[in-house]
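# Structural overview for review
Listed below are the residues making up each chain.
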Amino acid sequence: RRALLVVIDGLDELAEERPSIVDYLPRASMMPPEVTLLVTSRRQEELPAWLREKTGTLQDAQLRRIDLNDADYVALMDDYAGSRLGKKLVRDESLLKTLRDRSDGRFLYFAFLVQRLKDGDLKAEDIGKLADPEHLVPQYLDALRQRYANTAAGDLIQRVLLWMTAAEEAYA
């Protein structure tokens, strides 16, 4: 028999509807040994109450929380920054820690901050002045808007976001 990996990414993005994919997730003990189910989501405490209840079926599964307490994940983030910024900046552990903290350990935001440093539109000494992690999304979107304003990429991003918003409203 061959191994099978089933990936369900963004479980936290589900709209509350019945039935949903979460209703069909089997308990880990019911899965054949050659099948691995990989489910990604935001932290359990960030999920809406209805989804926290439904993910109870995953409680017998092997869970791995990937965050800033995971040494492998932190090393991955640091390696990423090193590959983009060069070894000079990356040797500054306080800079890396500030980047990780300001991104709340979320790789997308971390990569965005690293890219801004690389491009020169964010200075290392200004990272500490960035918004706290709970206010990061609006700041991230504003920075994207400024960065890509009046460009073909910006037009595409805007169209995709509008399409996603319209689709979400249609199914709300």
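Shown above is the structure to which this text applies.
An account of the accompanying structure is given in this report. (Residues numbered from 1 in each chain as written. Predicted model: local features only at pLDDT ≥ 70, side-chain atom pairs only at ≥ 80, totals over all residues. Heavy atoms only, no water.)

### With respect to the packing of helix α2 (residues 71-85) against helix α4 (residues 93-102)
Where α2 meets α4, the closest approach of the two axes is 11 Å, and the angle between their N-to-C directions is 110°. One finds that α2 runs roughly perpendicular with respect to α4. Of the two possible hands of crossing, α2 and α4 adopt the one that is right-handed. On the side of α2, the interface is formed by V74, M77, D78 and A81, while α4 contributes E93, L96 and R100. Along the lines of polarity and charge, the residues of the contact of α2 with α4 split into four nonpolar, no polar and three charged. (Axes fitted to C-alpha atoms, helices over the stretch in contact; angles between N-to-C directions. Helix = DSSP H or I, 4+ residues; strand = E, 2+ residues; numbered from the N terminus. Parallel < 35°, antiparallel > 145°, perpendicular 65-115°, else oblique. Left-handed = near helix turned anticlockwise from the far one by under 90°. Contact = heavy atoms within 4.5 Å. Nonpolar A, V, L, I, M, F, W, Y, C, P; charged D, E, K, R; others polar.)

### What to know about the environment of L108
Structurally, L108 is set in helix α5 (residues 107-119). Taking the C-alpha atoms as reference points, L108 and Y140, 32 residues apart in sequence, are found 9.9 Å from one another.

### Re empty space enclosed by the protein
All told, the structure shown has one cavity of 30 Å³ or more when counted by the stated rule. Here the largest cavity defines a volume of roughly 50 Å³. Lining the largest cavity, in full, are Y109, F112, L113, R116, L130, L136, Q139, Y140 and A143. For the lining of the largest cavity, the secondary-structure elements that each account for two or more residues are α5 and α6 (136-148). Of the residues that constitute the lining of the largest cavity, the class distribution is seven nonpolar, one polar and one charged. (1 Å grid on protein atoms, 1.4 Å probe; cavity = no way out; pocket = protein on both sides within 12 Å on 5 of 7 lines; lining within 4 Å. Points joined across faces, edges and corners; volume = space filled by probe spheres on them.)

### Remarks on the packing of aromatic side chains
Evaluated as defined, the whole model comprises two aromatic pairs. Their ring planes at 70° and their centres at 5.0 Å tell us that Y80 and F107 sit as a pair that is edge-to-face. Residue Y80 is found in helix α2, and its partner F107 is found in helix α5; the two are separated by 27 residues along the sequence. For F107, a relative accessible area of 27% gives the class partly exposed. Through a chain of ring-to-ring contacts, three or more aromatic side chains come together here, namely Y80, F107 and F110. (Phe/Tyr/Trp six-rings, centres within 6.5 Å; stacked < 30°, edge-to-face > 60°. Buried < 20%, exposed > 50% of the residue type's maximum accessible area, 1.4 Å probe, protein only.)

### Some points on the layout of surface pockets
Of the voids in this model, the largest pocket is the one considered here, and its volume is about 2000 Å³. Around the largest pocket, the lining comprises 46 residues; the ones closest to its centre are D9, D12, T40, S41 and R42. Of all the elements in the fold, those that place two or more residues in the lining of the largest pocket are β2 (35-39), α5, α6 and α7 (152-170). Here the lining of the largest pocket takes five residues from β2, the largest share from any one element. Here the residues of the lining of the largest pocket are counted per class, giving 25 nonpolar, nine polar and 12 charged.

### Comments concerning the pattern of salt bridges
According to the stated counting rule, one finds 12 salt bridges in the structure shown. Between E45 and R65 there is a salt bridge, with its nearest N and O atoms 2.9 Å apart. Linking E45 in the loop between β2 and α1 (49-54) with R65 in the loop between α1 and α2, this pair joins segments that are 20 residues apart in sequence. Judged by its relative accessible area of 47%, R65 is partly exposed. Taking the shortest distance from any N to any O, the salt bridge between R64 and D70 comes out at 2.8 Å. Because the salt bridges share partners, they merge into one network encompassing E45, R65 and D67. (Salt bridge = Lys/Arg side-chain N within 4 Å of Asp/Glu carboxyl O.)

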